[in-house]
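Geometric and topological summary
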Amino acid sequence: MDELTTPVRQQHKFNVDKLQKYLSVSVNAATLAVRQFSAGQSNPTFLIETPSQSYVLRKKPPGELLPGAHKVDREYRVQRALCSAGFPVPQPLLHCTDVDVIGTEFYMMEHVKGRIFRDLRLPGMSPVERTALYVAAVEVLAKLHSLDVASLNLEGYGRGAGYCKRQVSTWTKQYTAAAHRDIPAMNELSDWLMKNLPANDNEVMLVHGDYRLDNLIFHPTEARVIAVLDWELSTTGQPLADLAYFLMPHYWPRGLNVVSTLGSLKGIEGIPTVGDLISIYCRCRGIPPALPQLNFYVALSFFKMAGIAQGVYARHLLGNASAPNADQFGQCVEPLAEVALQIAQGSLTGPTENRLFLQTARGEAVLQQVKDFMTQFVLPAQEEVAEYYSKHAQSSQRWRTPQIIEDLKVKAREAGLWNLFLPAVSGLSQLDYAYIAEETGRCLFAPEVFNCQAPDTGNMEVLHMFGSDEQKRKWLEPLLRGEIRSCFCMTEPDVASSDATNMECTLQRDEDHYVINGKKWWSSGAGNPQCKVAIVMCRGRSPDVGNRHGQHSMILVPMDTPGVKRVRPLTVFGQDDAVHGGHFEVHFENVRVPACNMILGEGRGFEIAQGRLGPGRLHHCMRAVGLAEFALELLCQRAATRQTFGKKLYQHEVVAHWIAECRLMIEQTRLLTLHAAQALDTVGSRAARKQIAMIKVAAARMACKVVDCAIQVYGGAGVSGDFPLAQMYSYVRTLRIADGPDEVHLSSIAHLELRDQLKKTQAKL
């Protein structure tokens, strides 16, 4: 216990002789030794030792206190009731309201000896031990919420129904009273919570209010809770708020460290998932595992934590803080509020065991990392990125990557969020990455931050699968490091490129070189000064002229090779897409490259293309799902705030139906795309051709429709540059043409479907 206590801090010292005299009636001790517990940020807590026994004393802090806080009398009362009911709490021994004894009101309880885990990540424990400890903790929480409040004789202890509204109001007042500066995110979060209170807030149970692993004492050797501590915030109300507060560390962003022991639980082996813990809790209570509005309760938990942190910092400023690290808490209030806002506007669910397409444990951990990184760094950078391109609208600087994106790339790489698209490098499956691609689809430049941007991803996949050792060393490795960029030159202005066998750019062998002549356009990324190499699709001279798919080759062409000319940037609906390096027309005039630049061999271009386009199309489709989710959020926000003809937009049936149709389309497309990702993982690109073709059509159509509905709800604002919808529409409409138009994919789907049906018929015969 020595490592958990310190000498009594100067601001918390009291007259030990007076305490000994007061206790002499109930505690027979000639001497008292007093030490202060180092943990705890609210009511100062002390270890009181006599020659034969030890006790714990809890008191109010000295000095000016926030109204309604530090009610040690409530702690004493609830612990006495719970102890009588057989619930694991330290036995309360006495309550003293005479401030002349030690200067403030206090109470004493038995000293329960066991294990307290201050670091919620449980370092040094085995995965099995971590699982057992968290399961024991959530079972005790379920036991608390199963107690009959009436039988505990706690009349008037809480105010019953309406707990969530009171909590929002209480913590708003506490935060406001303690605030040392204005934090807009806290104000916005408070407003959101008050406007989104749960529809059913009538359940009334005894709630702890601060239920965390470090407020539990475990048996010295067993995974069993023997005492629940710190009942200062306990009351009667909605038990799901307690559960969400316990689950909060699972949503805690990596990199946000209030104190060294409070960090993210993501990716730590053995700690049960949110779904597992909810399932156990619900089973113990005998309630259904579906938890409506879980995002509200988790956001409320973060709001409460931010309010607590503000209060701790306020006590530091007043000089009566309970812990020596109280000065660290002021800097975390705003980040906590920002995380809560992201959770509030998202959609959390209960257990995920029933999901059709499950990620690996690593996939789930990385996905959460990416979500946190997006919330903390990428999304807040959008305004600065937009200002960069506005400032350099008429300057060649616009083709360069803004410094803020370069800085984010450094952060992402340091966080291990780099090259996530490539299974051999990241250790993720295509299904794992599909969920990540959806998340990055919410921001147009987000893929680049993680070195997962097209066309570089496709080119890296080509070099990884088909490149020679020398090609990998010279081009793949710097691409993987993010030192250079690349482009892919296939589509041509003078032929119908939807039939790829029409490509006319020529390739001729000249001893140990190849000579390339032709025109390409829509070469995405070619405008970025860091674009150092192109993969070019060329027609060669094959002896087998009847083999339409054996005429073309792919070859590496350094962009500084004589004869390579960037002719002009093309525009999409008037936008040059500089953030992606633009889309350029590129001419090749007697361009000579070494024969060793040929990829895989002459005439194997279409073979390479099939390997390249499968994963790439999957990534585009899942990003389109993420973009559509964002568009639907914008639609709903507008529909809820604008009013026409005497009612809100969403109250017009046509708008309500648009919202419903958008949700249907997004969910259907997500499932179809995840099915394709699973097929890529299990049967490979060739066998998954039909699934890939289906998602290519479905995702682009869906995203176009969702963004179009959002534009219609926004009216003139939707097609302006004031909102991202016009740029989003430009992107998703292009998807119906890029990597093959819908009609080509529909023909492929029909052909493959007829083939499969014929196989079934033959099998029956």
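Residues numbered from 1 in each chain as written. Predicted model: local features only at pLDDT ≥ 70, side-chain atom pairs only at ≥ 80, totals over all residues. Heavy atoms only, no water.

The next point concerns the overall build of the protein. The helix and strand inventory of the protein stands at 23 helices and 19 strands. Dimensions of the protein, computed from the C-alpha atoms along their principal axes, are close to 110 × 65 × 60 Å. Per-residue burial for the protein yields a buried fraction of 54% across its 765 residues. Restricting the contact set of the protein to residue pairs at least 6 apart, pairs at least 24 apart contribute 74%. On the protein, roughly 33300 Å² of surface is accessible, and the fraction owed to carbon and sulfur atoms is 51%. One way to put it: in the protein the 80 positive side-chain charges average out to a point 2 Å from where the 79 negative ones average out. (Helix = DSSP H or I, 4+ residues; strand = E, 2+ residues; numbered from the N terminus. Buried < 20%, exposed > 50% of the residue type's maximum accessible area, 1.4 Å probe, protein only. Contact = heavy atoms within 4.5 Å. Areas by Shrake-Rupley, 256 points an atom, 1.4 Å probe, with all protein chains shown as cover. Lys, Arg positive; Asp, Glu negative; His and termini not counted. Charge placed at Lys NZ, Arg CZ, Asp CG, Glu CD.)

The next point concerns the sheet that holds strand 2 (residues 33-37). Backbone-to-backbone hydrogen bonds join strands into a sheet, with any given pair of strands oriented parallel or antiparallel. Across the sheet, which stays open at both edges, the six strands sit in the order 1-2-3-4-6-5 with antiparallel pairing between neighbours. Only two strands of the sheet have a single neighbouring strand rather than two, namely strand 1 (5-6) and strand 5 (92-96). Both strand 3 (residues 45-49) and strand 4 (residues 54-59) contribute to a ladder of five bridges, which runs antiparallel. Of the residues in strand 4, the one forming a bridge with Leu-47 is Val-56. Where helix 1 (residues 16-23) meets the sheet, it contacts strand 2, strand 3, strand 4, strand 5 and strand 6 (106-110), and its direction lies at approximately 115° from that of strand 5. Sitting on the sheet, helix 2 (residues 72-84) is in contact with strand 4, strand 5 and strand 6, with an inclination near 155° to strand 5. (Pairing = 2+ DSSP bridges. Axes fitted to C-alpha atoms, helices over the stretch in contact; angles between N-to-C directions.)

Among the surface-exposed residues, Glu-383, Glu-384, Glu-387 and Asp-407 lie close enough to one another that they form a single negatively charged patch. The leading source of residues in the negative patch is helix 12 (residues 382-391), at three residues. (Patch = residues over 30% accessible without salt bridge, like charges linked within 9 Å, V, L, I, M, F, W, Y side chains within 5 Å. Salt bridge = Lys/Arg side-chain N within 4 Å of Asp/Glu carboxyl O.)

In summary, soluble globular proteins display a tendency toward joint burial of nonpolar side chains. Core analysis: the biggest nonpolar cluster contains 124 residues, and Phe-445, Phe-450, Ile-516 and Ile-555 have the highest contact counts within it. Broken down by element, the residue count for this core peaks at 16 residues, all from helix 19 (residues 605-641). Contact partners of Ile-516, with chain neighbours within four places excluded, come to Cys-505, Thr-506, Leu-507, Cys-538, Ile-555, Val-557, Phe-588, Glu-589, Asn-590, Val-591 and Val-593. Counting residues in hydrophobic clusters, the runner-up holds 82 residues, among them Leu-133, Ile-183, Tyr-281 and Ala-340. (Core = buried A, V, L, I, M, F, W, Y, C linked by side-chain atoms within 4.5 Å.)

This brings us to the side chain of Thr-104. Tracing the chain through its elements places Thr-104 in the loop between helix 3 (99-102) and strand 6. When its relative accessible area of 9% is taken as the criterion, Thr-104 is described as buried. Among the polar contacts made by the side chain of Thr-104, one reaches the side chain of Lys-59 at a distance of 3.4 Å. One polar contact links the side chain of Thr-104 to the main-chain carbonyl oxygen of Lys-60, over a distance of 3.3 Å. Once residues within four sequence positions are removed from consideration, Thr-104 is found in contact with Lys-59, Lys-60, Pro-61, Pro-62, Asp-98 and Val-99. (Polar contact = N/O pair within 3.5 Å; in protein donor to acceptor, adjacent residues only side chain to side chain.)

To continue, consider the pattern of salt bridges. Scanning all chains against the criterion turns up 34 salt bridges. Taking the shortest distance from any N to any O, the salt bridge between Arg-604 and Glu-607 comes out at 3.0 Å. The partly exposed category is assigned to Arg-604, whose relative accessible area is 31%. According to the relative accessible area criterion, Glu-607 is partly exposed, its value standing at 42%. Bridged by salt links that share partners, the residues Glu-406, Lys-409, Glu-448, Asp-456 and Arg-485 form one connected network.

When pLDDT is averaged along the protein, the result is 89; 92% of the residues meet or exceed 70. Across residues 349-354, confidence stays below pLDDT 50; counting only partners more than four residues off in sequence or on other chains, it has 15 contacts. (pLDDT = per-residue confidence, 0-100.)

Two elements in contact, helix 20 (residues 653-683) and helix 21 (residues 689-714), have axes separated by 9 Å at closest approach and are oriented at 155°. On the basis of their axis angle, the class for helix 20 and helix 21 is roughly antiparallel. The element helix 20 and its partner helix 21 pack so that their crossing is left-handed. In this structure, helix 20 contributes Val-655, Trp-658, Cys-662, Met-665, Ile-666, Thr-669, Leu-672, Thr-673, His-675, Ala-676, Ala-679 and Leu-680 to the contact, and helix 21 contributes Gln-691, Ile-692, Met-694, Ile-695, Ala-698, Ala-699, Met-702, Lys-705, Val-706, Cys-709, Gln-712 and Val-713. The class makeup of the residues in the contact of helix 20 with helix 21 is 18 nonpolar, five polar and one charged. (Parallel < 35°, antiparallel > 145°, perpendicular 65-115°, else oblique. Left-handed = near helix turned anticlockwise from the far one by under 90°. Nonpolar A, V, L, I, M, F, W, Y, C, P; charged D, E, K, R; others polar.)

What follows deals with the packing of aromatic side chains. Geometrically, a pair of aromatic rings is defined through the distance of the ring centres and the angle of the planes. Within this structure, the stated rule accounts for 17 aromatic pairs. Arranged with centres 5.8 Å apart and planes meeting at 25°, the rings of Trp-252 and Phe-302 form a pair that is stacked. Here Trp-252, found in the loop between helix 7 (239-251) and helix 8 (274-285), pairs with Phe-302, found in helix 9 (residues 294-318); they are 50 residues apart in sequence, far enough to count as distant. Taken as a pair, Trp-252 and Phe-302 share a single burial class, namely buried. With 4.9 Å between their ring centres and 55° between their planes, Phe-373 and Phe-377 make a pair best called tilted. Of this pair, Phe-373 and Phe-377 both sit in helix 11 (residues 361-378), separated by four residues, roughly a single helical turn. We classify Phe-373 as buried; its relative accessible area is 5%. Phe-377 sits in the partly exposed class, given a relative accessible area of 29%. Grouped by ring-pair contacts, the aromatic residues Tyr-134, Tyr-211 and Phe-246 constitute a single cluster. Here the guanidinium or amino end of Arg-74 rests over the ring plane of Tyr-157, the centre of that ring lying 3.9 Å away. (Phe/Tyr/Trp six-rings, centres within 6.5 Å; stacked < 30°, edge-to-face > 60°. Lys NZ or Arg CZ within 6 Å of the ring centre and 35° of its normal.)

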